[in-house]
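Residue-level structural notes
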Amino acid sequence: MPKLVVAIAGLLVTFFGSASARQTIVPTKRPLLSSEEVALRDQLERQMRKLGRLALLDLRLVRAARIYTRALAEIDRLPSGFIHENFLHHALNTAGLADPHPVTIEIALERLEHPRTAKLLQSVLARWTPTHYGLALAEKPTTKGHLRKRFTVIFVARHCQIRVPNRPLRKNAAITVEGELDPSWQLPRLYVMTPAGRVHHYVMTRRFRRIWSPSLRLRKEGRYLFEIMATNRRGPSVLALYPVHVGETTPQLVRYPVLEPALKKPTSSAAEALIVKLINLDRRRQGLPSLIVHGGLRRVAREHSRDMLEQRYFAHNSPRRGSLRSRLEQAGIRFT
């Protein structure tokens, strides 16, 4: 026994008593955040403390913000008339995240301490309660060819944490969706859209915070879309949204040619026209006919968007106006 005590003591002295040992235990690595990013983090936390917000710095969101800023830089270098589709969610999914509705802001480095920057942060934090955030600093070219440093901050309200596959799956692979759900949310459900566009619904099992789905067999090759919904006192909402690729490599960001006027008009009508154009471009790539805008359906869609904004939820079903079928029937539109 004394020899054992002496041996343990000798190991402790070897590892903790000498400076050389400490140097070998703690490797030198590049700091996670640059000095400018640390300054932005400190200002964000000061503003959050003033408003009683407690959002946490998420390292995966930091990675997503860096991927996102690189995508923005690529967009700035593209010829006019080209955009990237869904590069924000692409960045989140690449970082292993499934947050369905992130909020981003951009801040110029030289305006970090400007009063308007503080007001911008206050306006974002005052009307919304994010739980996590990530930030990144990148150089973006100006119209005169100079490089300008800008911050990108991604805020999310995360109530569900899901393990997102980080690589494509094999054909006929079995998968179980599992994660954690905040106690304030109930009735977790999983919706899976297949590559053929069919949607399957599964009830998830819950034990305390942990949730999991039945084992699913992904028999077709292509892109599946996984969506998790749950319900709280305000009604149902989408809490996680991410793609799963089967038998194919994960696609990179897609470039679509778009009309130049659609990019220059920051109006809701221009945004709607751009979305319709992108949908039809994708349908033509799949050999499907283009969709035609229906005035009655557009009014129902706008009312639902306004309802989600005012009631602060994100879901297919409205707590006040019900499902898509009920909303269409209220508008006198036949649902089939």
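Residues numbered from 1 in each chain as written. Predicted model: local features only at pLDDT ≥ 70, side-chain atom pairs only at ≥ 80, totals over all residues. Heavy atoms only, no water.

1. Here's the deal with the overall build of the chain
What the chain contains, in helices and strands, is ten helices and 16 strands. Burial status across the chain gives 37% buried among its 336 residues. Long-range contacts, defined as pairs at least 24 residues apart, comprise 66% of the intrachain contacts of the chain with a sequence gap of at least 6. Of the accessible surface of the chain, which amounts to about 20,900 Å², a share of 56% is contributed by carbon and sulfur atoms. (Helix = DSSP H or I, 4+ residues; strand = E, 2+ residues; numbered from the N terminus. Buried < 20%, exposed > 50% of the residue type's maximum accessible area, 1.4 Å probe, protein only. Contact = heavy atoms within 4.5 Å. Areas by Shrake-Rupley, 256 points an atom, 1.4 Å probe, with all protein chains shown as cover.)

2. Remarks on the nonpolar core
In globular proteins that are soluble, nonpolar side chains generally tend to be buried together. Counting 23 residues, the largest nonpolar core has Ile 162, Val 177, Leu 190, Phe 226, Ile 228 and Tyr 242 as its most contacted members. Broken down by secondary-structure element, the contributors of at least two residues to this core are β6 (160–162), β9 (186–193), β13 (216–218), β14 (222–232) and β15 (235–246). Here this core gets five residues from one element, more than from any other, and that element is β15. Excluding residues within four positions of it along the chain, Tyr 242 makes contact with Asn 93, Ala 98, Ile 162, Val 164, Pro 165, Val 177, Tyr 224, Leu 225 and Phe 226. (Core = buried A, V, L, I, M, F, W, Y, C linked by side-chain atoms within 4.5 Å.)

3. So, the packing of aromatic side chains
Taken as a whole, this structure holds two aromatic pairs when the rule is applied. A ring pair is formed by Tyr 133 and Phe 155, whose centres lie 6.2 Å apart and whose planes are at 40°; its orientation type is tilted. Placement of the pair is Tyr 133 in strand β4 (residues 132–141) and Phe 155 in strand β5 (residues 147–156), with a sequence separation of 22 residues. For Tyr 133, a relative accessible area of 0% gives the class buried. Under the relative-accessibility criterion, Phe 155 is labelled buried at 0%. (Phe/Tyr/Trp six-rings, centres within 6.5 Å; stacked < 30°, edge-to-face > 60°.)

4. As for the side chain of Arg 158
Examined against the element boundaries, Arg 158 turns out to sit in the loop between β5 and β6. Residue Arg 158 is classed as buried on the basis of its relative accessible area of 7%. Not counting the four nearest positions on each side in its chain, Arg 158 is found in contact with Asp 58, Arg 60, Leu 61, Leu 97, Asp 99, Thr 131, His 132 and Asp 182.

5. Focus: the sheet that holds strand β10 (residues 199–203)
The antiparallel open sheet is built from four strands, whose spatial order is β10-β9-β14-β15. This sheet does not close on itself; its edge strands, each paired only once, are β10 and β15. Pairwise comparison of adjacent strand axes, ignoring direction, gives a mean angle of 20° for this sheet. (Pairing = 2+ DSSP bridges. Axes fitted to C-alpha atoms, helices over the stretch in contact; angles between N-to-C directions.)

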